[in-house]
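# Descriptive analysis of the structure
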Amino acid sequence: MKFPWSHSTLVEVLKNDAKLHHKCDKVCEDIASRKLDLSEFVEELGPALTHEEPAMRLKATSLLSSVLEKLPTDFLSEQQLDFLVTFYCDRMKDHHTIIPTILDGLLALANMNHIPKGAACKLLSSLFLSIPCQSQAKGDRSKYMNIIKIFSETHEEELKSMGPDFVYGVIGAIDGERDPRNLIFLFNFIPTFLARYSLFHMVEEMFEVFACYFPIDFHPNQNDPEPITRDMLAVKLEDCLCGTKEFAEHCIVLLLEKLDSTLNIAKLDSLRLLIKCCHVFTIAEIQPQLDDVWKALKLEMLPGSGNKEVFDLALEATKTVVVAAQTDSKVEENFLTNVFISLLGGISDVASKLFNNSIKIALECASASSGAALFVTNKLVPLILSQLHIDTLGALQKVALIEALQQILYVCKEMGVLLQLDKEIVGAAQKQFIQILVQEDDASELKKLAFTSVTNIPQVIADENRFVVYTNIVHILLSAGNEQLNVEDCLYQFAVHYSVEVMNVIVDKLVAKNYDSPSPSTLRIFNALSCLLPLEPMREKIVQFFLNLVFAHTQQEVGILVLQSLEVALQKPTASVLAEELHTKYNLIDKFNEQVHEESSSYTSDYLYAMSTLMKALMKQLSPEVQKKIVTKHLTGIDLTRLTDLYLTSGVLGYLDESITIEDHFENLVHDLTKLSLNAEDENVKTLCDHLLCSLFNRMPDDEHHRNVLMKMLAFLREELKSHNKRVVGILSWIGKGLLARGHPLAGEIVDDIADLLDHPSLGHAAALAFEVLSAEFPALHLPLIKNLFKQKLFVFVMKKLEQKVEQYGETHLKALVFVYKIAPHLVLKMNMEKVGPILLKCLSVADDHVLVTALKIVLHFVKEEDVFFRDHLQTLLPQLSKLAAFESSMKVRILALECLLYTTKYPPFLLLPFKQDVLTALQAALDDHKRLVRSAAVAARLQWFLIGTSKPDE
């Protein structure tokens, strides 16, 4: 097929045809269907391609490039592509206005599958020689670099044959790039390039291309829909600077130079780069400059610049160097020796200002490797012990030394080298701890540190010293001593290593005590004993002791404490063995059943509640098969009109596996529980009934029978609502919660029913609280079936029901909405900000503390993000926040309002200046608030508001 235009008319067509792109599509279709040959197409374009006017050549080249872009990548043959490569290499010398369309054509060629051998070298050589990359517009530079990237990935062996010329061309193309998007592209591409290609003699030249950007100094465009941040550029630049081992020397020199800067951002970037170097380069590549590295790090930590972030990152960098150095023991020892020489002055004098920082550095080094832990401990501990013998040592100084001793031994334990330490050093250290346990008062900070210390190292405590520890544990437990002394952990750690000793010296003594009536120490003793239940040697004795107290008709207050301690033990991850024994060996649930049904028994609601809670914890640990047997046995003949049966039922059903069905009992259970909840006077009884109803309807089978039960129940409750019974609203909310969590279609109807009650004069407040039930999470409530996005569904239900009445909202509506907003994902609120925002602003005018606290937390989150809605409503938001900063009845409200005012200063100053004086005046009252935390928040907010409109100093 011939070209659709003749030579004589082609130039005119290109000059005058406004719809050339449609003809381009047609030509592309013809070439793809082989109706038109590409070579003929280029020949026909000849007059236009060689026209004396650059504009005409531009249109002709653009037409050819557009056709190439639209052709399939595997369509053109090697011969055709060779012809096109030759053509484009020749065109690169053309007028500068034609260069963009040439780059389009080159990019299309780069993506072709059948590029002939030698074409990549030919094309890139011409490109480097004829078109300077950095003279082009940013979009064209992006194409230029993309061409290099594609060819470097698809024609690696061919381009390697170019040797240094290819690398030189790449350096020339990317050197001096300044557009952030192009830099992101480069920073992603270059690490791969460096891994594939040798840099020959141009290592320093390539490194300098990227070194000039370090540290990144970039401020993103606020109006960019997809902004590139400084941190994004900084992280990717690190990958380039550490892209090849040949950069190691240059990289260390660069970061040391920038670490000497006065700008914190330069220091932080330099320290991050050092950490990256330690991860990427080998210690042999870093070793020549390790002395300089430590000198620079030392300046940031001893005494340091005062910036905590810099200090913490310098600490991390120091540890990373030691971690890297552990592969060469000699280098590691030399580096640690240099470090310790620098720390010696600070560690040797506890009164020195450098003591704390020196200890932190030593501990960080010790935590890097086992070898470092041994090295540091052997140097550090003698220095600490020598100072503990000074007569003039102050109390605070002694605390600092003992704390350092405790910390270094803990590091040794974590690094697994505790048993490798010099026995004399360990003996001298534990002697200090034991002296403190014997001499110091229970309330002292030293005794707390000593207990922590021996807890960490029980395996190296000598025989005679262990009995001092045991005596202290028993004394503190029996005397209800300082609760800050964590004797429970200490008891457990020693029991792990010395079970027989602990059994004979501690457990036997505690078990033998008389517990006829509770004392201040009773619960602590029981909790301490329950900590030992995971240990098999002493489990039987402690369980027998506990069960004797529960079932031997002692005071119920003592029994409640035992039940609470056993519950805590069953909630631990290692409780499965204990649970199995309590059920199979001790028949705990059967014994509870027998106990509460004894004719002479009379148990308080508190005891029954503790029993029920323990049964739930036990059931949770049992397998579904065992649970099913228990349920079948205990639900037969159950009578919920008896209080004891209600608590037993709650214990059995509270954490039932979802695979277990209770169809035979479902209707009677929900009927009896509803009546009990409506009439219960005891709050524990009402809570149990509500939780059981919620869990039962959540696990309800989805069949006709159970749907009918649910419909009958809802009809009954709606009838009861006519008597204005507030408890009915609560029951509806619990049933709705169970259905909503599983995604039941009737959940929406219940939410609608409750929402309709918000306008009710007597039930409105109860309806608002019902939304708290619907939205809040209750740790004691078990919902077996939870559908994804049920919180979002509640949000949709409520907004759909109430969004039309924004102007008519009363306090009950706002309270209900705030409960829902509180649990809604932040992204959901953000997506619906046009609806949510006005309601949040309205909530800020309510006098209810709970509504205000929740609304302010949500507003604070949005203000921190510089949300557009609040930016556009500052004239409403700022006066409300200023007023709430003096809200008398709640300190939380005042603090949150002040935090919101603080973060509003992130908005553009020109928006804030009209309100500056009013806000500063309003903050004056908060500065004199009687609460210190409020005054502190007010000072921070006032300072930032005062600075609005003034120039801020650089970091």
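Here, every reference points to the structure presented above.
Presented here is an overview of the structure given in this document.

Basis of the calculations
Residues numbered from 1 in each chain as written. Predicted model: local features only at pLDDT ≥ 70, side-chain atom pairs only at ≥ 80, totals over all residues. Heavy atoms only, no water. Helix = DSSP H or I, 4+ residues; strand = E, 2+ residues; numbered from the N terminus. Rg over C-alpha atoms; globule rule 2.2 N^0.38 Å. Buried < 20%, exposed > 50% of the residue type's maximum accessible area, 1.4 Å probe, protein only. Areas by Shrake-Rupley, 256 points an atom, 1.4 Å probe, with all protein chains shown as cover. Lys, Arg positive; Asp, Glu negative; His and termini not counted. Charge placed at Lys NZ, Arg CZ, Asp CG, Glu CD. Salt bridge = Lys/Arg side-chain N within 4 Å of Asp/Glu carboxyl O. Axes fitted to C-alpha atoms, helices over the stretch in contact; angles between N-to-C directions. Parallel < 35°, antiparallel > 145°, perpendicular 65-115°, else oblique. Left-handed = near helix turned anticlockwise from the far one by under 90°. Contact = heavy atoms within 4.5 Å. Nonpolar A, V, L, I, M, F, W, Y, C, P; charged D, E, K, R; others polar. Phe/Tyr/Trp six-rings, centres within 6.5 Å; stacked < 30°, edge-to-face > 60°. Patch = residues over 30% accessible without salt bridge, like charges linked within 9 Å, V, L, I, M, F, W, Y side chains within 5 Å. Expected span 1.5 Å × (residues − 1). Arc of directions from axis to C-beta.

### Remarks on the overall build of the protein
Helix and strand content of the protein: 52 helices and 0 strands. Taking 955 residues into account, the globule formula puts the C-alpha radius of gyration at 30 Å, and the protein, at 38 Å, lies well above it. A principal-axis box enclosing the C-alpha atoms of the protein has dimensions of 120 × 80 × 65 Å. Within the protein, the fraction of its 955 residues that count as buried is 52%. Roughly 43,600 Å² of accessible area belongs to the protein as shown, and the carbon and sulfur atoms make up 52% of that amount. Taking the average location of the 93 positive side-chain charges in the protein and that of its 123 negative ones, the two points are 3 Å from each other.

### Examining the pattern of salt bridges
Inspection of every chain in the model, using the stated rule, returns 39 salt bridges. In this structure, K633 engages D590 in a salt bridge whose closest nitrogen and oxygen atoms are separated by 3.0 Å. Residue K633 is found in helix α34 (residues 624-635), and its partner D590 is found in helix α32 (residues 588-596); the two are separated by 43 residues along the sequence. D848 is paired through a salt bridge with K815; the nearest N and O atoms lie 3.3 Å apart. Placement of the pair is D848 in the loop between α45 (833-843) and α46 (849-864) and K815 in helix α43 (residues 811-823), with a sequence separation of 33 residues. Taken individually, D848 and K815 each receive the classification buried, so the pair is uniform in this respect. Counted as one network, the salt bridges with shared partners bring together R230, D231, D269, R272 and E309.

### Brief notes about the packing of helix α49 (residues 891-904) against helix α52 (residues 932-947)
Relative orientation of the contacting elements α49 and α52 amounts to 15°, with a least axis distance of 8 Å. In terms of axis orientation, α49 runs roughly parallel to α52. α52 is crossed by α49, and the crossing has left-handed handedness. Residues M891, R894, I895, L898, L901, L902 and T904 of α49 form the contact with α52, whose participating residues are L933, V934, A937, A938, A940, A941, Q944 and W945. Across the contact of α49 with α52, the residue classes break down as 12 nonpolar, 2 polar and 1 charged.

### Digging into the environment of L943
For L943, the position within the fold is in helix α52. Separated by 41 residues in sequence, L943 and L902 have C-alpha atoms that sit 8.7 Å apart.

### A closer look at the packing of helix α29 (residues 536-551) against α32
For the pair α29 and α32, the least separation of the axes is 11 Å and the interaxial angle reads 15°. With respect to α32, the axis of α29 lies roughly parallel. Between α29 and α32 lies a crossing whose hand is right-handed. Across the interface between the two elements, L547, V550 and F551 of α29 pack against L588, K591, F592 and Q595 of α32. Per-class residue counts for the contact of α29 with α32 are 5 nonpolar, 1 polar and 1 charged.

### Things to note about the side chain of S695
You can see S695 is positioned in helix α37 (residues 683-699). Each residue touching S695, except ones within four places of it in the same chain, is listed here: H782, L783 and P784.

### Notes on the packing of aromatic side chains
Scanning the entire structure with this criterion turns up 26 aromatic pairs. On the numbers, 5.8 Å between centres and 70° between planes, the contact of F187 with Y213 is edge-to-face. Residue F187 is located in helix α11 (residues 180-196), and its partner Y213 is located in the loop between α12 (203-211) and α13 (230-241); the two are separated by 26 residues in the primary sequence. Where F467 meets Y470, the ring centres are 5.5 Å apart and the plane angle is 80°; that geometry is what we call edge-to-face. Here F467 and its partner Y470 are both found in helix α25 (residues 463-478), 3 residues apart, which amounts to about one turn of the helix.

### Some details on the environment of L578
Locating L578 in the fold gives a position in helix α31 (residues 576-584). Separated by 285 residues in sequence, L578 and V863 have C-alpha atoms that sit 50 Å apart.

### Re a negative patch on the surface
Together, E204, E205, E208 and E249 line one region of the surface with negative charge. The element that contributes the greatest number of residues to the negative patch is α12, accounting for 3 residues. Note on placement: E205 falls in helix α12.

### Some thoughts on the environment of S882
By secondary structure assignment, the location of S882 is in helix α48 (residues 874-884). Separated by 260 residues in sequence, S882 and L622 have C-alpha atoms that sit 55 Å apart. For S882, the contacting residues outside a window of four places in its chain are L901, V919 and A922.

### Comments concerning helix α42 (residues 790-802)
Under the 1.5 Å per step criterion, the end-to-end length of α42 is 18 Å for 13 residues, consistent within 8% with the ideal 18 Å. When α42 is considered as a whole, its buried residues turn out to be L794, F795, V798, M799 and L802. All buried residues of α42 lie within an arc of 125° about the axis, which places them on one face of the element. Taken together, the buried residues of α42 touch α39 (726-742), α40 (747-756), α41 (764-775), α43, α44 (826-831) and α45.

### With respect to helix α26 (residues 487-497)
Every buried residue of α26 is accounted for by V487, E488, C490, L491, F494 and A495. Along the axis of α26, the buried positions cluster into a sector of 160°, meaning they face one direction only.

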